[in-house]
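Examining the three-dimensional arrangement
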Amino acid sequence: DFKMLLVSCFKSLRQSPAVKGLGPRDPKICTPIASLVLGNILASVLEALQTPAFSLVVLKIRKRVFENHMNRKNAAKGESDFDRLDVAELLLDRVLYNVQALAKVFQRSVHKQMFQVQFPTKVREAPKEEPESRQICDEIRDFTCQVLHHELMEVMRSSERSGGWMEEAQDPIAAELATDLYMSHFTLQNTHVSMSISDLLAMANILYRHRKDMLPPDDPKDKLAEVLEEVMTRRQLEKPRKEDGVLITEETAEYHQHGHLWLAQQHGEWHNFRLKARFLETMQRPENEPMFCSISQAPIPSSLAMEQQRSQRDVNLIQKYSIPDKDKSVLERMQLTNEDEPVEVFEHLEEILQQLSGNKKDNDDVKYQITGRSWSDLRIGFSKIQKALQQDIKDGNASSKMRGLVMDLEEGKKIIDFIMKERGLEADFMKYIDKSAQRRWVHYRYLEETSVRNNLILKSRESYTTELKEQVETLQKVLKVAVECACPTRFTMAAAQRSEKISFLRLRRIKQRIRKTKPTPGQKIIDTMGSDENRDSAKLQELKDSIIPIQTFSLNQLESKGVVVRMHDKLPGKTRNHLSFTFQSNGEGFNVQIFLKTTLLKEFQISRDQIEDLEFANKTCASSYADDFVWMNGYRLRRLLTFIVVDNGI
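Anyway, here's the lowdown on the structure attached to this text. (Residues numbered from 1 in each chain as written. Predicted model: local features only at pLDDT ≥ 70, side-chain atom pairs only at ≥ 80, totals over all residues. Heavy atoms only, no water.)

Read from one edge of the open sheet, three strands run 8-13-12, paired in antiparallel fashion. This sheet does not close on itself; its edge strands, each paired only once, are strand 8 (564–567) and strand 12 (622–625). Averaged over all pairs of adjacent strands, the angle between their axes in this sheet comes to 25°, without regard to strand direction. Pairing of strand 12 with strand 13 (residues 630–633), which is carried by four bridges, proceeds in the antiparallel orientation. Bridge pairing in strand 13 links Ser-624 to Trp-631. (Pairing = 2+ DSSP bridges. Helix = DSSP H or I, 4+ residues; strand = E, 2+ residues; numbered from the N terminus. Axes fitted to C-alpha atoms, helices over the stretch in contact; angles between N-to-C directions.)

This is the structure:
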């Protein structure tokens, strides 16, 4: 989270020698952070607007400029003599120029020498910045310092009031990640990320360089390890070696700075990645159950988790309260009578103290107070409370639940004896309780934040349902118009008055002729049910669902269509003339069978995920199927499957 990053920088800056002489309440102490925000973040983003990576943003600006200009009611004096679209183009150029000018102003607010860099000249005398311009830049920097100082000091004061750990509790990133797990599945928009080849190679080098710090040892199913093994470059070993009886002649290596990276920068090629935010839609197998990463706390499919976490198969869509291993007691676990496994002594002792203290909801005061500072004092306190409870139970003044507390106090005395035997320090237990209170407060804030964001999730679901319903209705109208090619009467009358021909009417006659002469298998069945008025809508829908599109092509037909681009090298030439491919719809995918005359040679599935990939990643490439028996072009295969559904459906 960017805010927490600035808070961390501010805390370090207050202790830095660079701010010596400046008071903590002086806004100028934030000058380095203001320089970072203005010069490196805002100015860099505005400057990058003219690069190809932000072409979609420029298109949005263009759309907004044109809409605002075309919706103006009163044109400026003399503007009516020009085409409004031409004027809008000039306005767009001015807006983009102003964006770049604003980036330069932000840079000059940080560095006074940036004026000479931005406006170089061959004249001996360097250009000088106007005093008014310099004053505006200084005011922008001072204003940014004041805003940052006010916000950061407010966070620091909250942190000091809460004992120094409030900033962790205020960090909403955990709740945002949990909320995004749900909200990402209630969107109909596709998320795309554009990255250059040079950035991809540099990122691969960083991951490969630090793989030992990130990847678990001896985990053959780690996804990142598999990706790095496939994408990294290979180099020949000077001396081949043997591993498990296999001769190794090459190894993975980083991409060379003056080789691969230099070539990538010269080419300037970019790649677009479509992020599948709705991963639960298709990843429904057990290995893809959602869980929270034990390191990043981000919601991920279990296949991306560490090996130890993958084996747990624990599906939790809300983070559970847990104690990190580093905060647990260094003492050995203790086996209690009523417990199946040994317990953490400090953790179990804390649970007993929680029962004795009660809760604020029932009573603000502590329920059972214990005085003292040593293990002996705590044991004596347990004994006194235990005797008092036993007397109340005997007199009938206590509920049956108190019997369980009496047994817990007995276990607590045994734990204290065990700790004293192991020479555990009272100070260690107090530190453990203090950290536990901090952790519980942080988790409480997380649950609170998650509860608040639950309303956002419900609103997203409602808007998603509404938007989906509207889109379905719109597509149904489009489908009806495309199938019937109907044209409103006022259009036909207007066309007749002007002696114009409407293409829809011509297409309608063509469709009617094809429907009579070459009906689809599904249409033949529908026609037997009579006219549209006599058809039962329920039976019609049931019939539509029962019709399965299926079509058979010869190998020559698929090759002429450009679908099949290659067959297995060992396939005899005479055999190719007798091969046929049968495509049959199967749910959201397709089942493909390859026959040699009447003998089934191969059978494979084209799943929904693979069909989606044919529209994106595999659109321009040839993918292999049936164990490299056949290679098919992605775009043409996707087109063929669409035609099969259309030509064989209703």
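To continue, consider the side chain of Arg-108. Secondary-structure assignment places Arg-108 in helix 4 (residues 84–110). Since its relative accessible area comes to 8%, Arg-108 is described here as buried. When near neighbours in sequence (up to four residues on either side) are disregarded, Arg-108 contacts Met-114, Phe-115, Gln-118, Phe-119, Glu-129, Ser-133, Arg-134 and Cys-137. (Buried < 20%, exposed > 50% of the residue type's maximum accessible area, 1.4 Å probe, protein only. Contact = heavy atoms within 4.5 Å.)

Together, Val-193, Phe-273 and Leu-275 make up an exposed nonpolar region whose accessible area comes to about 230 Å². On the basis of relative accessibility, which here comes to 31%, the residue Val-193 falls in the partly exposed class. (Patch = residues over 30% accessible without salt bridge, like charges linked within 9 Å, V, L, I, M, F, W, Y side chains within 5 Å. Areas by Shrake-Rupley, 256 points an atom, 1.4 Å probe, with all protein chains shown as cover. Salt bridge = Lys/Arg side-chain N within 4 Å of Asp/Glu carboxyl O.)

In this section: the packing of aromatic side chains. The full count for this structure, using the stated rule, is eight aromatic pairs. A ring pair is formed by Phe-604 and Tyr-625, whose centres lie 5.4 Å apart and whose planes are at 25°; its orientation type is stacked. Here Phe-604 is found in strand 11 (residues 599–606), whereas its partner Tyr-625 is found in strand 12, with 21 residues between them in sequence. For Tyr-625, a relative accessible area of 7% gives the class buried. Lying over the aromatic face of Trp-631, Arg-566 brings its terminal NZ or CZ to 4.1 Å of the ring centre. (Phe/Tyr/Trp six-rings, centres within 6.5 Å; stacked < 30°, edge-to-face > 60°. Lys NZ or Arg CZ within 6 Å of the ring centre and 35° of its normal.)

A cluster of basic residues, Lys-501, Arg-506, Arg-509 and Arg-513, forms a positive patch on the protein surface. By secondary structure assignment, the location of Lys-501 is in the loop between helix 18 (489–497) and helix 19 (503–517). (Lys, Arg positive; Asp, Glu negative; His and termini not counted. Charge placed at Lys NZ, Arg CZ, Asp CG, Glu CD.)

Negative phi characterises most residues that are not glycine, and trans characterises most peptide bonds. One non-glycine residue with positive phi stands out, namely Ser-499, at about 55°. Even without glycine at this site, Asp-627 takes up a positive phi of about 55°. As for its position among the elements, Asp-627 is in the loop between strand 12 and strand 13.

Read from one edge to the other, the open sheet built from four strands follows the order 7-9-10-11, with strand pairing classed as antiparallel. Of all the strands in the sheet, just strand 7 (550–554) and strand 11 have a single pairing partner and so form its edges. Each strand axis lies, on average, 20° off the axis of its neighbour in the sheet, ignoring direction. Direction of pairing for strand 7 relative to strand 9 (residues 579–586): antiparallel, over a ladder of five bridges. When the sheet's bridge partners are listed, Ile-550 is paired in strand 9 with Gln-584. Against the sheet, helix 24 (residues 608–615) makes contact with strand 10 (589–596) and strand 11, and its axis sits at roughly 75° relative to strand 11, the strand it touches most.

Applying the stated criterion across every chain, the model contains 16 salt bridges. A salt bridge links Asp-138 to Arg-141; its shortest N-O distance comes to 3.2 Å. Highlighted residues: Asp-138 and Arg-141, both in helix 6 (residues 131–161), separated by three residues, approximately one helical turn. For Glu-615, the salt bridge is made with Arg-638, and the minimal N-O distance between the two is 3.0 Å. One end of the pair, Glu-615, is in helix 24; the other, Arg-638, is in helix 25 (residues 634–648), and 23 residues separate them in sequence.

Another aspect to go through is the environment of Leu-447. Looking at where Leu-447 falls in the secondary structure, it is placed in helix 17 (residues 426–484). Under the relative-accessibility criterion, Leu-447 is labelled partly exposed at 38%. Leu-447 sits 127 residues away from Lys-320 along the chain, and the two C-alpha atoms are 9.7 Å apart.

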